[in-house]
Amino acid sequence: MTTKQILYPNTKLWMAAIKPPMYSVAIMPIWVGTAVAFAETKMFNSTVFSTFVAAAILILAWENISNDVFDSETGIDQNKHHSLVNLTGDKLLVFWLGNLCLGLGLLGILAIAFWQQDLTVIGIIVLCCGLGYMYQGPPFRLGYQGLGEILCFFAFGPLAVEAAYYSQTQTWSITSLAASVIVGIATTLVLFCSHFHQVKDDIAAGKRSPIVRLGTQKGAQLLVWFTGSIYPLTLLFVLWGISPIWTLLSWVSLPFAFKLCRHVQENHNQPDKVSNCKFIAVAVHFWACLLFGLGFIV
């Protein structure tokens, strides 16, 4: 066996643990909120935007890392070889690494608040962090009760998008609130898809995820409606005059949406085959939100 053969599987596990594609989930709410702000004010603060993006990535890293720590306490990740706790064998190290990411992320948001002499944005982001903790952290563990998608929608939708909009304008907007619904649905879609391949482990650990509650077949059927809601909502906002017609560029993501729904419909009860559906959902999220935000700028 060559050195490459020995190292490659471990490298794959580390990449699966870090999950680089997932960090677009942190970036897109900031992008869309800032795009709406630019469309309405024709002003753009690049320092605030770049600081917010970096902070959002760090805060999401905290959430992902701390989830591995909290899941290790329930035993739900005992078969998850790419868990950071399982990879390092040091739960305390992973715990403090997550806290470091959180501290640095909040420091970035504090910098924005200091520049603007306004605590509103830090208040919103602290609330987002609170929802993130309640998702997996003791004693709440609301994700184990099937409530994670609700928390995800508000944290990555209305709260994050409005915080990004406010960081540029220090005002509020109905348009940004409407846009946040699209971002929230697209982000929640990623979390929803992450449950399909984990049903057996979730049941063993007492986690009542939406897919455990519904079953994989009904979950796959709901996914179609859930994914499909993004596109008529976008059209509705255009018809109501809330969003510019160019936001219909987000419909270019439809092939990824069709691919996601077809893939889950065909493989919903086959964990090995359906496990990659969350990454197809990330593609739906990325392209739908990227082009939706671009529609406010062109």
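Note that the coordinates shown come from a computational prediction; the quantities given were computed from them, not determined experimentally.

1. Considering the side chain of threonine 51
1) Next: Relative to the helices and strands, threonine 51 is located in helix H3 (residues 46-74).
2) Next: For threonine 51, a relative accessible area of 17% puts it in the buried group.
3) Next: Filtering out sequence-adjacent residues up to four positions away, threonine 51 remains in contact with Gly108, Ile112 and Trp115.

2. Details of the confidence of the model for the chain
1) Next: Mean pLDDT over the chain works out to 90, with 90% of the residues at or above the 70 mark.
2) Next: Taken together, the stretch residues 1-8 has pLDDT below 50 and engages in one contact with residues farther than four places along the chain or on a different chain.

3. Structural notes on the packing of aromatic side chains
1) Next: Applying the stated rule across the entire model yields 12 aromatic pairs.
2) Next: Aromatic side chains phenylalanine 192 and phenylalanine 226 sit 5.8 Å apart centroid to centroid with 75° between the ring planes, which places their arrangement in the edge-to-face category. Taken as a pair, phenylalanine 192 in helix H8 (residues 174-193) and phenylalanine 226 in helix H11 (residues 216-228) lie far apart in primary sequence, 34 residues in all.
3) Next: One aromatic cluster is present, built from ring pairs that chain together Phe70, Tyr133 and Phe140.
4) Next: Over the ring of tyrosine 144 we find lysine 207; its NZ or CZ atom is 5.4 Å from the centre of that ring.

4. Details of the environment of glutamine 117
1) Next: Tracing the backbone shows glutamine 117 in the loop between helix H5 (91-116) and helix H6 (120-136).
2) Next: The sequence separation of glutamine 117 and phenylalanine 52 amounts to 65 residues, and the corresponding C-alpha distance is 16 Å.
3) Next: Here the side chain of glutamine 117 touches phenylalanine 114 through a polar contact of 2.6 Å, landing on its backbone oxygen.

5. Concerning a nonpolar patch on the surface
1) Next: A cluster of nonpolar side chains, contributed by Leu97, Leu100, Leu104, Leu107 and Leu110, occupies part of the molecular surface with about 460 Å² of accessible area.
2) Next: Residue placement: leucine 104 occurs in helix H5.
3) Next: In this structure leucine 104 comes out as partly exposed when scored by relative accessible area, which is 43%.

6. A few points about H3
1) Next: With 29 residues, H3 extends 42 Å between its outermost C-alpha atoms, agreeing within 8% with the 42 Å of an ideal straight helix rising 1.5 Å per residue.
2) Next: Where H3 begins, the side chain of asparagine 45 points an oxygen toward the backbone nitrogen of threonine 47, at a separation of 3.1 Å.

7. Things to note about the nonpolar core
1) Next: Val32, Phe52, Ile109, Ile125, Phe196, Leu260 and Val264 are the most contacted members of the largest nonpolar core, which has 81 residues in total.
2) Next: Among residues more than four places away in sequence, those in contact with valine 264 are Phe196, Ala220, Leu223, Val274 and Cys277.

8. A short note on helix H12 (residues 230-239)
1) Next: Looking only at H12, the buried set comprises Ile230, Tyr231, Thr234, Phe237 and Val238. Considered in projection along H12, the buried side chains sweep an arc of 125° and stay on one side of the axis.
2) Next: Buried residues along H12 sit against H8, H11, helix H13 (254-267) and helix H15 (277-297).
3) Next: Looking one or two places after H12, you find glycine 241, whose phi comes out positive at around 80°.

9. Remarks on the UniProt feature "transmembrane region" (unreviewed entry) in the chain
1) Next: The UniProt record annotates "transmembrane region" (unreviewed entry) at residues 21-38, 44-62, 92-113, 119-135, 147-166, 172-193, 237-258 and 279-297.
2) Next: Annotated as residues 119-135, this span is 94% helix and 0% strand, and its ends, taken at the C-alpha atoms, are 25 Å apart.
3) Next: Within the segment residues 237-258, helix and strand shares are 36% and 0% respectively, and the terminal C-alpha atoms sit 22 Å apart.

10. Describing the packing of H11 against H13
1) Next: Relative orientation of the contacting elements H11 and H13 amounts to 170°, with a least axis distance of 9 Å. As the angle between them shows, H11 and H13 are arranged roughly antiparallel. Of H13, the residues touching H11 (which contributes Ala220, Gln221, Leu223, Val224 and Thr227) are Ala257, Leu260, Cys261, Val264 and Gln265.
2) Next: In the contact of H11 with H13, the residues fall into seven nonpolar, three polar and no charged.

11. Quick word on the environment of glycine 98
1) Next: Inspection of the secondary structure puts glycine 98 in helix H5.
2) Next: The class of glycine 98 is buried, set by a relative accessible area of 1%.
3) Next: Sequence separation of glycine 98 and alanine 61 is 37 residues, and the distance between their C-alpha atoms is 6.9 Å.

Rules behind the numbers
- Residues numbered from 1 in each chain as written.
- Predicted model: local features only at pLDDT ≥ 70, side-chain atom pairs only at ≥ 80, totals over all residues.
- Heavy atoms only, no water.
- Helix = DSSP H or I, 4+ residues; strand = E, 2+ residues; numbered from the N terminus.
- Buried < 20%, exposed > 50% of the residue type's maximum accessible area, 1.4 Å probe, protein only.
- Contact = heavy atoms within 4.5 Å.
- pLDDT = per-residue confidence, 0-100.
- Phe/Tyr/Trp six-rings, centres within 6.5 Å; stacked < 30°, edge-to-face > 60°.
- Lys NZ or Arg CZ within 6 Å of the ring centre and 35° of its normal.
- Polar contact = N/O pair within 3.5 Å; in protein donor to acceptor, adjacent residues only side chain to side chain.
- Patch = residues over 30% accessible without salt bridge, like charges linked within 9 Å, V, L, I, M, F, W, Y side chains within 5 Å.
- Areas by Shrake-Rupley, 256 points an atom, 1.4 Å probe, with all protein chains shown as cover.
- Salt bridge = Lys/Arg side-chain N within 4 Å of Asp/Glu carboxyl O.
- Expected span 1.5 Å × (residues − 1).
- Core = buried A, V, L, I, M, F, W, Y, C linked by side-chain atoms within 4.5 Å.
- Arc of directions from axis to C-beta.
- UniProt positions renumbered as here; feature names shortened; annotations may be inferred.
- Axes fitted to C-alpha atoms, helices over the stretch in contact; angles between N-to-C directions.
- Parallel < 35°, antiparallel > 145°, perpendicular 65-115°, else oblique.
- Nonpolar A, V, L, I, M, F, W, Y, C, P; charged D, E, K, R; others polar.

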